[in-house]
Amino acid sequence: MIGATGGPVQPGAADAPSPRAGADKALADADDDAAPAAPAEPKLDTAESTSDEVARRAERLLVRAHLETEANELQLDRIRKDFDMHEQERAEYVREWNAIRDLAMEQMKHDDEILKKFIALI
């Protein structure tokens, strides 16, 4: 015989009540009761529960502060890295400019020497 799930059904299994049926019956019996349910008693604050709550809040605040600190440090690291890259680029431009200036000075010296020799020929 094949059950609702598609698997074989054990003989005698259909006769046994399911655990779910008992729970459904208990709920139905509870609904039939005419007496209103007693309100749940509020949980009283004890020193232990209050200190646990304070400890949880303090831990959350510390974790949040730690995460903010890490985020700030990462942002500062990015800023430092960008600054270093810009400074390296600027230093390279300064080196190139100095090399070009030195070449221009050498060229001016050679031009002066050629002019002096030309004047001496005249």
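What counts and how
Residues numbered from 1 in each chain as written. Predicted model: local features only at pLDDT ≥ 70, side-chain atom pairs only at ≥ 80, totals over all residues. Heavy atoms only, no water. Helix = DSSP H or I, 4+ residues; strand = E, 2+ residues; numbered from the N terminus. Buried < 20%, exposed > 50% of the residue type's maximum accessible area, 1.4 Å probe, protein only. Areas by Shrake-Rupley, 256 points an atom, 1.4 Å probe, with all protein chains shown as cover. pLDDT = per-residue confidence, 0-100. Contact = heavy atoms within 4.5 Å. Salt bridge = Lys/Arg side-chain N within 4 Å of Asp/Glu carboxyl O. Patch = residues over 30% accessible without salt bridge, like charges linked within 9 Å, V, L, I, M, F, W, Y side chains within 5 Å.

Engineer: Pulling in residues and values, what's your account of the overall build of the chain?
Structural biologist: What the chain contains, in helices and strands, is two helices and zero strands. Expressed as a percentage of its 122 residues, the buried residues of the chain come to 0%. Summed over all atoms, the accessible surface of the chain reaches about 11900 Å², with 61% contributed by carbon and sulfur.

Engineer: So what's going on with the confidence of the model for the chain? Which residues, and what values?
Structural biologist: In this model, the chain carries an average pLDDT of 79, and 62% of its residues clear a pLDDT of 70 or more. Scored below 50 in pLDDT, residues 30–34 shows zero contacts in the model against residues more than four places distant or in partner chains.

Engineer: Which residues make up the pattern of salt bridges, and what values go with them?
Structural biologist: Evaluation of the coordinates by the stated rule reveals seven salt bridges. Among the salt bridges present, the one from E53 reaches R60, with a minimum N-O distance of 3.8 Å. Its salt-bridge partner being R80, residue D77 comes within 3.3 Å of it at the nearest N-O pair. Pair noted here: D77 and R80 are both in helix 2 (residues 47–121), with a separation of three residues, about one helical turn. On the basis of relative accessibility, which here comes to 41%, the residue D77 falls in the partly exposed class. Connected via shared salt-bridge partners are E53, R56, R57 and R60.

Engineer: Which residues make up a nonpolar patch on the surface, and what values go with them?
Structural biologist: Where nonpolar side chains cluster on the molecular surface, the patch consists of L115, F118, I119 and I122 and spans about 480 Å² of accessible area. Inspection of the secondary structure assignment puts I122 in the segment after helix 2.

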